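# Architecture and fold: a report
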Amino acid sequence: MDIIIKENYEQMSAYAAKIIAKLIRSKPDCVLGLATGSTPIGTYQELVRMHQQEGLDFSQVTVFNLDEYLGIGMDLEKPYHLDQSYARFMYEELFKHVNIKPENIYLPDGLTKDPEEFCHWYEEQIKRVGGIDLQLLGLGRDGHWAFNEPGSSLTSRTRVQVLDQQTLDDNYEAFYKKANIDRSQMPQLAITMGIGTILEARSILMIVNGAHKADIVAKCLEGPITSQVTASAIQLHPGQITVVLDEAAASKLTRIDHYKHVERLKRQYGLAIVD
Ligand code: GLP
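Procedures and definitions
Residues numbered from 1 in each chain as written. Predicted model: local features only at pLDDT ≥ 70, side-chain atom pairs only at ≥ 80, totals over all residues. Heavy atoms only, no water. Axes fitted to C-alpha atoms, helices over the stretch in contact; angles between N-to-C directions. Helix = DSSP H or I, 4+ residues; strand = E, 2+ residues; numbered from the N terminus. Parallel < 35°, antiparallel > 145°, perpendicular 65-115°, else oblique. Left-handed = near helix turned anticlockwise from the far one by under 90°. Contact = heavy atoms within 4.5 Å. Phe/Tyr/Trp six-rings, centres within 6.5 Å; stacked < 30°, edge-to-face > 60°. Buried < 20%, exposed > 50% of the residue type's maximum accessible area, 1.4 Å probe, protein only. Pairing = 2+ DSSP bridges. Near = heavy atom within 4 Å. Polar contact = N/O pair within 3.5 Å; in protein donor to acceptor, adjacent residues only side chain to side chain. Areas by Shrake-Rupley, 256 points an atom, 1.4 Å probe, with all protein chains shown as cover. Nonpolar A, V, L, I, M, F, W, Y, C, P; charged D, E, K, R; others polar. Core = buried A, V, L, I, M, F, W, Y, C linked by side-chain atoms within 4.5 Å. Salt bridge = Lys/Arg side-chain N within 4 Å of Asp/Glu carboxyl O.

## Regarding the packing of helix α1 (residues 9-26) against helix α2 (residues 41-54)
Each pair of packed helices gets described by two things: the angle between the helix axes and the distance between those axes. It is at 8 Å that the axes of α1 and α2 come closest, and there the two elements cross at 55°. On the basis of their axis angle, the class for α1 and α2 is oblique. Every pair of crossing elements has a handedness; the one defined by α1 and α2 is right-handed. Only I41, G42, T43, E46, L47, M50 and E54 of α2 make contact with α1, whose side of the interface consists of Y9, S13, A14, A16, A17, K18, I20, A21 and R25.

So, in structure tokens, the structure goes:
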């Protein structure tokens, strides 16, 4: 596992975007797993900049999103801040700014009439395109990946999840409150890729910033693997794992010097995933 510690959010985002761009350049028809939340916004902004200024080409890229609230869907008639669907988030933060083809965008359908059938179909589509090359992930404050709340099986597949109180509180603060949407209007359920689904991605890129995540970052990366911190399953991934943190999020790790040493040596020997 490569743990890269950057000074701040901007540098974390730029580094994550570099990793994604490198994959797109080396495999133009790659399959990306994408995440929502406040954390990846800077990464998406940097990818948009690379598209606009450096010609980063999304025309053959396929994407699958991790999750979506159940009961809501994108409504372009509404102003962005009143549309809390993750589909709208992706559209506003990334898709509308780059040349990705609509038919290559797969998002969990929050308005599906048959969630179980939909989840099955979603898994089938991931298989049909040959699996996910790189899965981008944030980290929930309770240690979740996507909406795999504490207690989710570490082999779980795409399914409906009941959201945890901490997640509802955090997402209310980060998104709904600003839009003046009443808490009672927040969806309590979501469709989420499972931990087992995520672990099948050929590589993992997790980004985390902020002092409020420092405790959970330490549990996830240095603590025991447990369904109480579903992202601790990162320790089970057999492929390339890159974790990019800002200094605040890394501050409670016990082996910071070691991670920095590994990063330096990997650069020195040309083994770093990107410069
Ligand atoms: C939500 C999403 C997760 C995300 C998490 C953290 O719960 N379902 O995929 O990682 O929020 O969000 P933030 O980046 O805003 O801290």
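## A word on the packing of aromatic side chains
Summed over the entire model, instances satisfying the criterion amount to eleven aromatic pairs. Ring centres 6.5 Å apart and planes at 65° place the aromatic pair Y44 and F89 in the edge-to-face group. Of this pair, Y44 sits in helix α2 while F89 sits in helix α3 (residues 86-93), and the two are 45 residues apart along the sequence. F89 matches Y44 in its accessibility class, with the two residues each being buried.

## Considering the pairing of strand β1 (residues 2-6)
Among the five residues that make up β1, five are buried, leaving the element largely enclosed by the rest of the structure. Burial of the side chains of β1 extends over both faces: D2, I4 and K6 are buried on one face and I3 and I5 on the other. Here β1 pairs with strand β10 (residues 240-246) via five bridges, running parallel. Paired with K6 across the strands is D246, a residue of β10.

## Looking at the site of the ligand
Near the ligand lie 14 residues; those nearest to it are S38, T39, D67, H144 and K213. Side-chain polar atom of N171 to an oxygen atom of the ligand: 3.5 Å apart, as the coordinates give it. Taking K213, its side chain carries an N or O atom lying 2.8 Å from an oxygen atom of the ligand. Its free accessible area being 390 Å², the ligand has 95% of it covered by the protein chains. Residues belonging to the shell around the ligand are distributed by class as follows: four nonpolar, eight polar and two charged.

## Brief notes about the packing of α2 against α3
Across the interface, α2 lies against α3 with an axial gap of 10 Å and an inter-helix angle of 40°. Here α2 is positioned oblique relative to α3, judged by the angle of their axes. Here I41, Y44 and V48 of α2 come into contact with α3, specifically with F89, M90 and E93. Class assignment for the residues of the contact of α2 with α3 results in five nonpolar, no polar and one charged.

## Focus: the sheet that holds strand β7 (residues 159-162)
Taken in spatial order, the three strands make up an open sheet running β4-β8-β7, and their pairing is antiparallel. Of all the strands in the sheet, just β4 (67-69) and β7 have a single pairing partner and so form its edges. Here the strands of the sheet are splayed against their neighbours by 30° on average, with no regard to which way each runs. Relative to strand β8 (residues 189-192), β4 is paired through three bridges, and the arrangement is antiparallel.

## As for the nonpolar core
Ranked by internal contacts, the top residues of the largest apolar core, which has 43 residues, are W145, M206, L221, I234, L245 and L253. Only β1, α4 (115-128), α6 (195-199), β9 (203-208), α7 (214-222), β10 and α8 (247-250) provide two or more residues apiece to this core. Here this core gets five residues from one element, more than from any other, and that element is α7. Once you skip the residues sitting within four places of it in the chain, L245 turns out to touch I3, I4, I5, K6, M12, V208, V217, L221, A250 and L253. Counting 34 residues, the second-largest nonpolar core is a separate cluster that includes M12, Y15, C30 and V274.

## Regarding helix α5 (residues 165-176)
Considered for burial, the residues of α5 that qualify are T167, L168, D170, N171, Y172, F175 and Y176. Against β4 and α3 lie the buried residues of α5.

## Describing the pattern of salt bridges
One pass over the structure, following the stated rule, counts 17 salt bridges. E46 is the partner of R49 in a salt bridge, and the nearest nitrogen-oxygen pair spans 2.9 Å. Of the two residues, R49 and E46 are both situated in helix α2; the distance of three residues between them amounts to about one turn of the helix. Residue E200 pairs with R157 through a salt bridge whose shortest N-O separation is 2.9 Å. Of this pair, E200 sits in the loop between α6 and β9 while R157 is found in the loop between β6 (134-137) and β7, placing the two residues 43 residues apart along the sequence.

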